[in-house]
There are 2 protein chains.
Amino acid sequence: FQQLRTELVDELGASYEVPTELQEYLDYMAQYNVPGGKLNRGMAVVDTVAGVKGAPLERAEYFKAAALGWCVEFMQAFLLVADDIMDNSLTRRGVPCWYQSPHIGMDAVNDALILESFIYIILKKHFRNSPHYVSLMETFHDVTYRTELGQLLDLKTAPADDVDLSRFTMAKYNQIVKYKTGYYSFFLPVSLGMTLANVNEPQAFADAERILLDMGRYFQIQDDVLDCFGDPAVSGKIGTDIQDNKCTWLVVTALERASPDQRRALENNYGRSDAFFVEAVKSIYRDLELEAEFRAYEAAAVAELEADISGFDHFDARVFSDLLAKIANRTK
Amino acid sequence: FQQLRTELVDELGASYEVPTELQEYLDYMAQYNVPGGKLNRGMAVVDTVAGVKGAPLERAEYFKAAALGWCVEFMQAFLLVADDIMDNSLTRRGVPCWYQSPHIGMDAVNDALILESFIYIILKKHFRNSPHYVSLMETFHDVTYRTELGQLLDLKTAPADDVDLSRFTMAKYNQIVKYKTGYYSFFLPVSLGMTLANVNEPQAFADAERILLDMGRYFQIQDDVLDCFGDPAVSGKIGTDIQDNKCTWLVVTALERASPDQRRALENNYGRSDAFFVEAVKSIYRDLELEAEFRAYEAAAVAELEADISGFDHFDARVFSDLLAKIANRTK
Ligand SMILES: [Mg+2]
Ligand SMILES: [Mg+2]
Ligand SMILES: [Mg+2]
Ligand SMILES: [Mg+2]
Ligand SMILES: [Mg+2]
Ligand SMILES: [Mg+2]
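First, a word on scope: everything that follows refers to the structure included in this document.

Analysis parameters
- Residues numbered from 1 in each chain as written.
- Chains lettered and ligands numbered in written order.
- Predicted model: local features only at pLDDT ≥ 70, side-chain atom pairs only at ≥ 80, totals over all residues.
- Heavy atoms only, no water.
- Helix = DSSP H or I, 4+ residues; strand = E, 2+ residues; numbered from the N terminus.
- Rg over C-alpha atoms; globule rule 2.2 N^0.38 Å.
- Buried < 20%, exposed > 50% of the residue type's maximum accessible area, 1.4 Å probe, protein only.
- Contact = heavy atoms within 4.5 Å.
- Areas by Shrake-Rupley, 256 points an atom, 1.4 Å probe, with all protein chains shown as cover.
- Buried area = accessible area lost by both parts, 1.4 Å probe.
- Salt bridge = Lys/Arg side-chain N within 4 Å of Asp/Glu carboxyl O.
- Least-squares fit on C-alpha atoms with pLDDT ≥ 70 in both.
- Phe/Tyr/Trp six-rings, centres within 6.5 Å; stacked < 30°, edge-to-face > 60°.
- Core = buried A, V, L, I, M, F, W, Y, C linked by side-chain atoms within 4.5 Å.
- Donors = N, O, S within 2.8 Å, 3.2 Å for Na, K, Ca; no water.
- Expected span 1.5 Å × (residues − 1).
- Arc of directions from axis to C-beta.
- Polar contact = N/O pair within 3.5 Å; in protein donor to acceptor, adjacent residues only side chain to side chain.
- Axes fitted to C-alpha atoms, helices over the stretch in contact; angles between N-to-C directions.
- Parallel < 35°, antiparallel > 145°, perpendicular 65-115°, else oblique.
- Nonpolar A, V, L, I, M, F, W, Y, C, P; charged D, E, K, R; others polar.

1. Details of the overall build of chain A
- Per the secondary structure count, chain A includes 14 helices and 2 strands.
- Relative to its length of 332 residues, chain A is compact, with a C-alpha radius of gyration of 21 Å against a globular reference of 20 Å.
- With the C-alpha coordinates of chain A rotated into their principal frame, the extents come out at 65 × 55 × 30 Å.
- Within chain A, buried positions represent 57% of all 332 residues.
- For chain A, the share of sequence-separated contacts (at least 6 apart) that also reach a separation of at least 24 residues comes to 74%.
- Total accessible area on chain A stands at roughly 14100 Å², and carbon and sulfur atoms take up 51% of it.

2. Considering the interface of chain B and chain A
- Of the residues lining the interface, 50 residues belong to chain B; the matching set on chain A comes to 50 residues.
- A buried area of about 4400 Å², summed over both sides, lies between chain B and chain A, and 63% of it is on carbon and sulfur atoms.
- If you sort the residues of chain B by the area they bury against chain A, Tyr16, Glu138 and Tyr145 of chain B come out on top, with a joint share of 15%.
- Where chain B touches chain A, the interface holds 6 salt bridges.
- Linking lysine 178 of chain B and glutamate 17 of chain A is a salt bridge whose minimum nitrogen-to-oxygen distance equals 2.5 Å.

3. Describing the relation of the copies chain B and chain A
- Here chain B sits on chain A after a turn of 180° about the axis and a move of 0.0 Å along it, with an RMSD of 0.0 Å. The operation mapping one copy onto its partner corresponds to a two-fold rotation axis.
- Here 100% of the interface residues in chain B have copies in chain A that are interface residues too; the copies meet face to matching face.

4. Topic: the packing of aromatic side chains
Residue and element names in this part refer to chain B.
- Tallied over the entire structure, the rule returns 41 aromatic pairs over all chains.
- The interplanar angle of 85° and the centroid separation of 6.3 Å between the aromatic rings of phenylalanine 168 and tyrosine 270 together place this pair among those described as edge-to-face. Residue phenylalanine 168 is found in the loop between helix 6 (133-157) and helix 7 (170-196), and its partner tyrosine 270 is found in the loop between helix 11 (260-269) and helix 12 (275-287); the two are separated by 102 residues along the sequence. Tyrosine 270 shares its class with phenylalanine 168; the two are buried.

5. Description of unusual backbone geometry
Residue and element names in this part refer to chain A.
- Backbone geometry places histidine 103, a non-glycine residue, at a positive phi of 65°.
- In this fold, histidine 103 is placed in the loop between strand 2 (95-96) and helix 5 (107-127).
- Unlike most non-glycine residues, asparagine 198 shows phi in positive territory, near 65°.
- Along the chain, the position of asparagine 198 falls in the loop between helix 7 (170-196) and helix 8 (202-229).
- For asparagine 198, a relative accessible area of 51% puts it in the exposed group.

6. Digging into the nonpolar core
- In terms of nonpolar packing, the biggest core is built from 246 residues, with Tyr285 of chain A together with Tyr285 of chain B touching the most fellow members.
- Each residue touching tyrosine 285 of chain A, except ones within four places of it in the same chain, is listed here: Cys228, Phe229, Ile242, Thr248, Leu250, Val251, Ala254, Leu266, Tyr270 and Leu290 of chain A.

7. Some remarks on the coordination of the magnesium ion (ligand 5)
All names here are of chain B.
- Protein-derived coordination of the magnesium ion (ligand 5) comes from Asp83 (OD), Asp87 (OD) and Asp87 (OD), at a distance range of 2.1 to 2.8 Å.
- Taken as an interatomic distance, the gap from the magnesium ion (ligand 5) to the magnesium ion (ligand 4) is 3.3 Å; aspartate 83 donates to each of them. Taken together, the residues aspartate 83 and aspartate 87, both in helix 4 (residues 59-87) and 4 residues apart, mark about one turn of the helix.
- By relative accessible area, which is 14% here, aspartate 83 ends up buried.
- What makes aspartate 87 partly exposed here is its relative accessible area of 30%.

8. Describing helix 12 of chain B
Residues and elements named next belong to chain B.
- The end-to-end C-alpha separation of helix 12 is 18 Å, in line with the 18 Å expected for 13 residues at 1.5 Å each.
- Those residues of helix 12 that fall on the buried side of the exposure criterion are Phe277, Val278, Val281, Lys282, Ile284 and Tyr285. For helix 12, the buried positions fall inside an angular range of 155° around the axis, keeping them on one side. Relative to its buried face, helix 12 has exposed residues pointing more than 90 degrees away, namely Ala275, Phe276 and Asp287.
- At its buried positions, helix 12 is contacted by helix 8 (202-229), helix 10 (249-257), helix 11 and helix 13 (290-310).
- Count one or two residues on from helix 12 and you reach glutamate 289, which has phi positive near 55°.

9. Topic: the environment of glycine 51 of chain B
All names here are of chain B.
- Relative to the helices and strands, glycine 51 resides in helix 3 (residues 40-53).
- Glycine 51 gets classed as buried once you look at its relative accessible area, which sits at 18%.
- Sequence separation of glycine 51 and aspartate 316 is 265 residues, and the distance between their C-alpha atoms is 6.3 Å.
- With near-sequence residues (within four places) excluded, glycine 51 lies in contact with Asp316 and Val319.

10. Details of the pattern of salt bridges
- Inspection of the entire model under this criterion finds 40 salt bridges over all chains.
- A salt bridge links glutamate 138 of chain B to arginine 128 of chain A; the shortest N-O distance between them is 2.9 Å. Linking glutamate 138 of chain B in helix 6 with arginine 128 of chain A in the loop between helix 5 and helix 6 (133-157), this pair reaches from one chain into another.
- When salt bridges with common partners are traced through the structure, they connect Asp83, Asp84 and Arg92 of chain A into a single cluster.

11. Some details on helix 5 of chain A
- Taking 1.5 Å per residue as the helical rise, helix 5 of chain A with its 21 residues ought to reach 30 Å, and the 30 Å between its terminal C-alpha atoms agrees with that figure.
- Counting buried positions over the 21 residues of helix 5 of chain A gives 19, a clear majority of the element.

12. Side note on the side chain of asparagine 33 of chain A
Residues and elements named next belong to chain A.
- Positionally, asparagine 33 belongs in helix 2 (residues 20-33).
- Within polar-contact distance, the side chain of asparagine 33 engages the backbone oxygen of methionine 29 at 3.0 Å.
- Other than its neighbours up to four places away in sequence, asparagine 33 contacts Ala77, Val81, Arg93, Trp98 and Leu115.

13. Details of the side chain of threonine 147 of chain B
- With respect to the helices and strands, threonine 147 of chain B occurs in helix 6.
- Once you skip the residues sitting within four places of it in the chain, threonine 147 of chain B turns out to touch Met75, Leu79, Tyr179, Lys180 and Tyr184 of chain B.

14. Focus on the packing of helix 2 (residues 20-33) of chain B against helix 5 (residues 107-127) of chain B
Residues and elements named next belong to chain B.
- Running from N to C, helix 2 and helix 5 cross one another at 80°; their axes reach a closest spacing of 11 Å. It follows from the interaxial angle that helix 2 and helix 5 lie roughly perpendicular. Only Asp111, Ile114 and Leu115 of helix 5 make contact with helix 2, whose side of the interface consists of Tyr25, Leu26, Met29, Ala30 and Asn33.
- Looking at the contact of helix 2 with helix 5 residue by residue, the class counts come to 6 nonpolar, 1 polar and 1 charged.

Below, the structure written as structure tokens:
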């Protein structure tokens, strides 16, 4: 990352006439927003290339795979900076959201766009002469578009200022999760790694897509449950999905199982910021035994994913089982 | 445009599982933001392809050129939706800015991103098998990045809440204008047209870039002068550059010519919304005879551009003189 960052900043001066103080600003902005996460997404590119090859990567191969991994992390940073603005969020990873930092505000919209542009600058610099150049650009375009469509679906299904639980169905939930999270978090890094490792059967990509989107759904359901029932001391964050009127697996499942009385109570208490209302929602979740329901779902989902992975026969499927092992039964 | 729009919307349903009501939303959003402008930028692509060819375009050639022209208009729409959010603007082309429309707000950030994605969907659909596909994508990436860097420079040079005229110099002005406006408004459409028409000498692109960026600077200086001294009945808009603390050609020129007293007066009155302060700034502009100064600049700029255009020898230079004729001495 430090090398890519230095390259980007040097090029700002050399090719784009950006004055020193703004080079420093962009350097700081990238440093603030890009590295702090778990880097699971970026590492998945490297692991996929190594997994398909079936042998450790040479230095140059490793560098290319890592560069693509960082492109995924730039993409994630771009999406999160924009998402925090739209959600009016306050903190991210324990520090103020970028747009909430001093003197930033709505300038963060442009900073998000610059983070997105960095992806294509890196691709051009390191993959221009690769036979995969077009395919890599198209993958980023397509996954970006899908994520934006997922974001749209999410924004219009659960606007913060208009609580209407009749819009929350499992079908809608599945679609939001698939588009908003699944493609860029799970399918993108593995599919970039497969491309780089010269995989080209469409069936391999289709099978990987199915497995990875299912894994993405499992990951998001965990996320929803941890937001409500997780231990903030472990996860490092305090959930606000109920207050924020989010379309989560919990509320959708509760609506499927609720009695008419419970449904009315959900309608009256969901999407309100006062602790009293939040507690009322959680108590319905408890009455409906949603934590137990989740444990049952989780066991079944992991078993199904393992079965699907064991049937994957295009290259060593350990890439998928390693990814699954990283997230299965997580508590943060 | 209607055909491209229909294609995009149909594909939303066919390939991306977007429900009907959101297809309609995106259709309305595109219709609201994309077509309403002067379409000079989009038409310039078509004119360039025809100009290089030296003969009228056949139907299929025309369609390709027009599709690229619309990509430029989508890019403009994407940039303007985002710019209005960052500038906290109220109206655009006589109607509320998209983010100011009912129920939109910050969701407009995502809508801007979707408008950007449409560019690459259109390119993929219509140019995937073209030998120019990579070059077209790279041109959009590079010009987008340059525009974002120009926007950054603009935002940090003239923040609405911090008036500091010592940051305003002609060198800074020239750079902001070149990056923020020149590349996407003038260089982009002509360079896309040249690519489509199989021009490939780097010197032709370099010469076109020089002429077009000079034209872009002239266009922006006109824009600044019309904002202050134009007739709202003709231009259809009421200027707010002085109130908004914009780094304009007028204020930069005034600062170059001001006496110490006049400079102090500019410092005390610039960037404030009250009509009294605005009038004080305008009266300094009048004392410094900036309108006459502009007429002199304009005559010289047009003459220089004409000379530069007459020296252009890669293809029929009428593309450039037609563009210049469209903007020379404009009053709106
Ligand atoms: Mg959010
Ligand atoms: Mg969100
Ligand atoms: Mg969550
Ligand atoms: Mg503006
Ligand atoms: Mg602006
Ligand atoms: Mg203006």
